[in-house]
Amino acid sequence: MKELVEVIAKALVDHPDDVQVTETEADDEIKVELKVAPSDMGKVIGRKGRIAKAIRSVVKAASTKTEKKVSVEISQI
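Predicted model only: the values in this text are computed from it and were never measured.

Visitor: Would you mind showing me how to read the nonpolar core here?
Guide: It is characteristic of soluble globular proteins that their nonpolar side chains tend to be buried jointly. Counting 18 residues, the largest nonpolar core has Val19, Val32, Leu34, Val36, Val44, Val59 and Ile74 as the members making the most contacts within it. Mapped by element, the contributors of at least two residues to this core are helix 1 (2-12), strand 2 (29-36), helix 2 (41-45), helix 3 (50-62) and strand 3 (69-76). Of the residues forming this core, the biggest block, 4 residues, is contributed by strand 2.

Visitor: Would you mind going over the pattern of salt bridges with me for this structure?
Guide: Counted under the stated rule, the structure contains 4 salt bridges. Among the ionic pairs, Lys68 bridges to Glu25, the shortest N-O distance being 2.3 Å. Here Lys68 is found in the loop between helix 3 and strand 3, whereas its partner Glu25 is found in strand 1 (residues 20-25), with 43 residues between them in sequence. Here Glu73 ties to Lys31 by a salt bridge, and the two come within 3.6 Å at their closest N and O atoms. With Glu73 in strand 3 and Lys31 in strand 2, the pair connects residues that are 42 residues apart, well separated along the chain. Among the residues examined, Glu73 registers a relative accessible area of 36% and is labelled partly exposed.

Visitor: Sorry, what's going on with the pairing of strand 1 here?
Guide: Within a regular strand, the side chains alternate between the two sheet faces. Pairing between strand 1 and strand 2: 6 bridges, direction antiparallel. Note that in strand 2 the partner of Gln20 across the bridge is Lys35. Taken together, strand 1 and the strand that follows it, strand 2, pair antiparallel across an intervening segment of 3 residues.

Analysis parameters
Residues numbered from 1 in each chain as written. Predicted model: local features only at pLDDT ≥ 70, side-chain atom pairs only at ≥ 80, totals over all residues. Heavy atoms only, no water. Core = buried A, V, L, I, M, F, W, Y, C linked by side-chain atoms within 4.5 Å. Buried < 20%, exposed > 50% of the residue type's maximum accessible area, 1.4 Å probe, protein only. Helix = DSSP H or I, 4+ residues; strand = E, 2+ residues; numbered from the N terminus. Salt bridge = Lys/Arg side-chain N within 4 Å of Asp/Glu carboxyl O. Pairing = 2+ DSSP bridges.

Listed below in structure tokens is the structure:
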């Protein structure tokens, strides 16, 4: 999941070198945290959160094989 979120985020932002993605795995949950530069927050979240929702939908679809709940959190560096 980490690589998927990283590829998507780097394609969207102006500063791809500042993109940081961490993945932590608990019992039945995978938590992916995406950190971007403050100037890129709008590009990752999108108007009315549409891009963030799309990222979460893609990750959810990709996680159906793992049978674990996946959450994506977006924050700035």
